[in-house]
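The residues making up each chain are set out below.
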Amino acid sequence: MDYANLIRQKVNTGSKKEEKLLQQLLVSLSDYMPSSEIKIVVRAYEYGAKAHINQRRLSGEPYICHPLSVAQILANMQMDNQTISAALLHDVVEDTDINLIDLENIFNKEIAILVDSVSKLDQIKFNNRAEAQAETFRKMILAMVEDIRVIFIKLSDRLHNMRTLEHLPVQKRKLKAKETLDIYAPIANRLGINKIKNELEDLGIQHLFPYRYRVISKALKKSKGGQKRIVKKISSRILAAMTNENIKGEVIGREKQLYSIYKKMKIKKRSLEEVADVYGFRIIVNDVNNCYRLLGIIHGLYKPMPGRFKDYIAIPRINGYQSLHTTLFGPNGLPLEIQIRTIEMNRLAESGVAAHWQYKAVDKNTAVPHLRIRQW
């Protein structure tokens, strides 16, 4: 299929932002989805754009830009055409005259059910709820959902709303940020979707505690130059040891998440300097055997900290996450947090259970991982 031609045909929307978002989405989908399924997504976009034609976001941009942005987050996770289509239509029942029967007739029952389930989640309100009840609400959300893809849409919806939170009044911003940190980021964490969890947490603290966010952010930027030199030095030493043992892979210096630094300061009553001086490295190799070989090599380079080793390869976390974790005494006694995993384990670590719903799955209803994780 000529994707460039399809994009030219579909992007004449009158809004530059909308055109750009649609073009980006079509390009992303063309990387993994066949043209017959992209056509379903395009139909969903056209239908949603028409339904929201006279609606605007608080930012002033056409409302359809929001569903397009949500669909893009899901496309980055390589979700199937049903999920992407439902994301493009997720607000039509609540905000327009269209009903579920219309959606079922024009698309199919599966897309209609996904849209309906997202709408029902939107009706749960968390205003003025005690923080202690957050776990109850998380359980309630997960219990309401038969198809986990509804949660993926909802998390992506929340993520885009958090990215555009500056258009809301301050009090509403703080309420949304607290709700995100109490409810949605922990759900993303439980499902192992680290990319979304990390961004939700950073945006949450940015709006809920702006002063604390600025102080920690400034301190991290200030120490970045020195940290880069240390990271480069340690990475080079690990890579040299890997080359000597004929182990192919890459070493990535992990950036510390601002929210995790804030939480450690708060819970462990530590100063910013104590928490910030921890260096994280992710080492990705081609097979499990090399994960264990490399662990021995790393422990030969730097002394391991007692009681700080976890084997999540032999005993995966309940959400499927696998990796070797070890903490070492680095140069001048600096703590080094190391994760060793394969390429496939890394993909699962980024996307979590969403990886099991990616388009490449043959039969999403009977696949073993799908059934096992749905049951969990």
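Keep in mind that what you see is a predicted model, and the values were worked out from it rather than measured.

K.L.:
How would you sum up the packing of helix H12 (residues 194-208) against helix H14 (residues 258-268)? Please name residues and give values.
P.N.:
Relative to each other, H12 and H14 sit at 65 degrees, their axes nearing to 8 Å. Judged by residue contacts, Glu201, Asp202 and Ile205 of H12 engage Leu258, Tyr259 and Tyr262 from H14. Residues belonging to the contact of H12 with H14 are distributed by class as follows: 4 nonpolar, no polar and 2 charged.

K.L.:
An account of the pairing of strand E2 (residues 279-285) is requested, with residue identities and associated values reported.
P.N.:
Where burial is concerned, most of E2 is hidden: 7 out of the 7 residues are buried. The two faces of E2 match: Tyr279, Phe281, Ile283 and Val285 on one face and Gly280, Arg282 and Ile284 on the other face are all buried. Examined bridge by bridge, strand E1 (residues 249-254) and E2 share 6 bridges and lie antiparallel to one another. Counterpart to Gly249 in the pairing with E2 is Val285. Pairing of E2 with strand E5 (residues 335-342), which is carried by 7 bridges, proceeds in the parallel orientation. For Arg282, the partnering residue across the bridge sits in E5 and is Gln339.

K.L.:
Summarise helix H16 (residues 288-301); cite the residues concerned and give the values.
P.N.:
Relative to the 20 Å expected for 14 residues at 1.5 Å per residue, H16 spans 20 Å between its end C-alpha atoms, a close match to the ideal helical length. For H16, the complete set of buried residues consists of Asn290, Cys291, Leu294, Leu295, Ile297, Ile298 and Leu301. You can read the cap of H16 off the contacts: a side-chain oxygen lies 3.2 Å from the backbone nitrogen of Asn289, and it is on Asp287.

K.L.:
Can you tell me about the sheet that holds strand E3 (residues 303-311), naming the residues and giving the values?
P.N.:
Spatially, the 5 strands line up as an open sheet ordered E1-E2-E5-E4-E3, and their pairing is mixed. Among the strands making up the open sheet, the edge pair consists of E1 and E3. Ignoring which end each strand starts from, the neighbouring axes of this sheet average 20 degrees apart. Relative to strand E4 (residues 324-329), E3 is paired through 5 bridges, and the arrangement is antiparallel. When the bridges of E4 are listed, Lys310 appears paired with His325.

K.L.:
How would you sum up the environment of Val27? Please name residues and give values.
P.N.:
Structurally, the position occupied by Val27 is in helix H2 (residues 16-30). Between the C-alpha atom of Val27 and that of Ala75, which follows or precedes it by 48 residues, the distance is 9.8 Å.

K.L.:
How would you explain helix H17 (residues 343-351) if you had to name every residue and give the values?
P.N.:
Where H17 is concerned, the buried positions are Met345, Asn346, Leu348, Ala349 and Ser351. Trailing H17 by a residue or two, Gly352 shows a phi angle of about 60 degrees, which is positive.

K.L.:
So what's going on with the packing of helix H5 (residues 81-88) against helix H8 (residues 109-122)? Which residues, and what values?
P.N.:
Contact geometry of H5 with H8 gives a least axis separation of 9 Å together with a crossing angle of 50 degrees. With respect to H8, the axis of H5 lies oblique. In this structure, H5 meets H8 at a crossing whose hand is right-handed. Each of Gln82, Thr83, Ser85 and Ala86 in H5 lies in contact with H8, whose residues at this interface are Glu110, Ile111, Leu114 and Val115. The residue makeup of the contact of H5 with H8, split by class, is 4 nonpolar, 3 polar and 1 charged.

Rules and cut-offs
Residues numbered from 1 in each chain as written. Predicted model: local features only at pLDDT ≥ 70, side-chain atom pairs only at ≥ 80, totals over all residues. Heavy atoms only, no water. Axes fitted to C-alpha atoms, helices over the stretch in contact; angles between N-to-C directions. Helix = DSSP H or I, 4+ residues; strand = E, 2+ residues; numbered from the N terminus. Contact = heavy atoms within 4.5 Å. Nonpolar A, V, L, I, M, F, W, Y, C, P; charged D, E, K, R; others polar. Buried < 20%, exposed > 50% of the residue type's maximum accessible area, 1.4 Å probe, protein only. Pairing = 2+ DSSP bridges. Expected span 1.5 Å × (residues − 1). Polar contact = N/O pair within 3.5 Å; in protein donor to acceptor, adjacent residues only side chain to side chain. Parallel < 35°, antiparallel > 145°, perpendicular 65-115°, else oblique. Left-handed = near helix turned anticlockwise from the far one by under 90°.

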